[in-house]
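# Structure at a glance
Here is how the chains run, residue by residue.
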Amino acid sequence: MNSPSPEPSLRAYLLGSQQTQYGQPGRWQVERDLLDRSDGTRGTFSGVVLFTPTDDGGLHLHEEGTMRWPAFTGPASREYVLRPGARADALDVFFPDGRPFHRMSFTPDASLDSHWCDPDTYRVTYTCQGPDAFSYSWDVTGPRKDLLLVSRLERIPG
């Protein structure tokens, strides 16, 4: 079951108290399991996620690491923009070009969201696992994809 965010706001939680005070990025280690349910193919992603404060009170998310898939092993990265919404316990996630993606939250009434990427549906669930750890899973279904992507993040001290 999801528990409330341990910080007054999701942004503060992702940055951490020291980073919020000094405007430094929140640093998280990420481990992701990748499963293509259509054929049983499995892979992993290991890397670092940086949440950097933006001038509008949001965050820039940059993820970089190594993806391991049967046909590929190598560098992988992605970026998103997280913007404050009407609730302090949630952030709206956007693609870098400004297109909306989904809402991120740990609260039970807002921890589930979805995104339609024609012709497939992406459903995400966020879970806070304490002051320095959280996870999320993407359940992707449709005629083109049948994936389960489970990410576990732990704060990097410092």
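Look a little higher up for the structure.
Here we summarise the structure given alongside this text.

Definitions and cut-offs
- Residues numbered from 1 in each chain as written.
- Predicted model: local features only at pLDDT ≥ 70, side-chain atom pairs only at ≥ 80, totals over all residues.
- Heavy atoms only, no water.
- Phe/Tyr/Trp six-rings, centres within 6.5 Å; stacked < 30°, edge-to-face > 60°.
- Lys NZ or Arg CZ within 6 Å of the ring centre and 35° of its normal.
- Salt bridge = Lys/Arg side-chain N within 4 Å of Asp/Glu carboxyl O.
- Helix = DSSP H or I, 4+ residues; strand = E, 2+ residues; numbered from the N terminus.
- Buried < 20%, exposed > 50% of the residue type's maximum accessible area, 1.4 Å probe, protein only.
- Pairing = 2+ DSSP bridges.

The next subject is the packing of aromatic side chains. What the rule picks out here adds up to 13 aromatic pairs. One aromatic cluster is present, formed by Tyr-13, Trp-28, Phe-106, Tyr-126, Phe-134 and Tyr-136 through successive ring pairs. Above the face of the Phe-95 ring, Arg-99 is positioned so that its terminal group lies 4.3 Å from the ring centre. Lying across the ring of Tyr-13, Arg-155 places its NZ or CZ 5.4 Å from the centre.

Counted according to the given criterion, the structure contains 11 salt bridges. Of the charged contacts in the structure, one is a salt bridge between Arg-152 and Asp-33, with a shortest N-O distance of 3.2 Å. Note that Arg-152 is positioned in strand β10 (residues 146–155) and Asp-33 in strand β1 (residues 26–36), a separation of 119 residues in sequence. A salt bridge links Arg-87 to Asp-89; the nearest nitrogen and oxygen atoms lie 2.8 Å apart. What makes Asp-89 partly exposed here is its relative accessible area of 21%. Within this structure, Arg-32, Glu-63 and Arg-78 form a network of salt bridges that share partners.

The side chains of a regular strand alternate, first on one face of the sheet and then on the other. Pairing between strand β2 (residues 41–53) and strand β3 (residues 59–69): 10 bridges, direction antiparallel. The partner of Val-49 across the bridge, within β3, is Glu-63. Remark: five residues form the turn of the hairpin made by β2 and β3, two consecutive strands paired antiparallel; Gly-57 in that turn has positive phi of roughly 85°. Two strands pair when backbone bridges link them, and β3 and strand β4 (residues 72–84) are joined in this way by 11 bridges, in the antiparallel orientation. Following the sheet pairing, Trp-69 is matched in β4 by Phe-72.

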